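For reference, the chains in residue letters:
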Amino acid sequence: MKKIAIFPGSFDPFTVGHASIVERGLPLFDEIVIGVGVNESKRAHRTPTQRVEAIGRLYADNPKVRVVAYNDLTIDLARREGAKYILRGLRSVKDFEYERDIANMNDRLAGVETILLFTKPEFSSISSSVVRELMDFGKDVSDFLPHNS
Ligand code: ADP
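This section reports on the structure supplied with the text. (Residues numbered from 1 in each chain as written. Predicted model: local features only at pLDDT ≥ 70, side-chain atom pairs only at ≥ 80, totals over all residues. Heavy atoms only, no water.)

On to the environment of V16, then. Relative to the helices and strands, V16 is located in helix α1 (residues 16-25). Accessibility expressed as a relative area gives 16% for V16, which makes it buried. Expressed as a C-alpha distance, the spacing of V16 and P146, which sit 130 residues apart in the sequence, is 5.1 Å. Apart from residues no more than four positions distant in its own chain, V16 is found in contact with F123, I126, D143, F144, L145 and P146. (Helix = DSSP H or I, 4+ residues; strand = E, 2+ residues; numbered from the N terminus. Buried < 20%, exposed > 50% of the residue type's maximum accessible area, 1.4 Å probe, protein only. Contact = heavy atoms within 4.5 Å.)

So this is what it looks like as structure tokens:
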């Protein structure tokens, strides 16, 4: 059976930190489905469709990566995609408790296992929200975005 993982997030925008998680997750799974979630509580810069298209361009040549938008629970997306795993990045202790609670719930409700990868130190301070804020003030954020995005 194919080992499929969902990599869920808002990805507004998709940063070099996200790209690093995908790259490091690829040897672990047969397929990674990047799930662009519609998170009502977060201020969005780009529409989910724009985000899916931009991320899709990055992985156009990689048949192991697909990008989809979704607006229900990650476990529902996992069921639709036949995925038994959720891939997430862990930057700090701040991420930890949140990730643990969600991971426990996803396991309990759907038997979906969460695989956490520690962020590489050079990416640990990069967040989409900080990049968005810099963009709002017209700063050059190209260092934080994958090259061909
Ligand atoms: P969410 O709204 O679900 O937190 P994000 O788009 O902010 O969505 O993040 C998606 C996933 O990528 C999360 O697991 C998050 O911890 C991880 N992530 C975010 N930024 C980085 C980074 N700089 N390095 C590694 N992982 C990251």
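Moving on to the sheet that holds strand β2 (residues 31-37). A sheet is described by the order of its strands in space; here 5 strands give the open sequence β3-β2-β1-β4-β5, paired in parallel fashion. In the strand order of this sheet, the two ends are held by β3 (65-70) and β5 (113-118), each with one partner. Each neighbouring strand pair of the sheet contributes to a mean axis angle of 30 degrees, computed without reference to strand direction. Looking at chain direction, strand β1 (residues 4-9) and strand β4 (residues 85-90) are connected through 2 bridges and run parallel. Across the sheet, the residue bridging to I6 is I86, located in β4. Here α1 sits on the sheet in contact with β1, β2, β3, β4 and β5, set at roughly 115 degrees to β5. (Pairing = 2+ DSSP bridges. Axes fitted to C-alpha atoms, helices over the stretch in contact; angles between N-to-C directions.)

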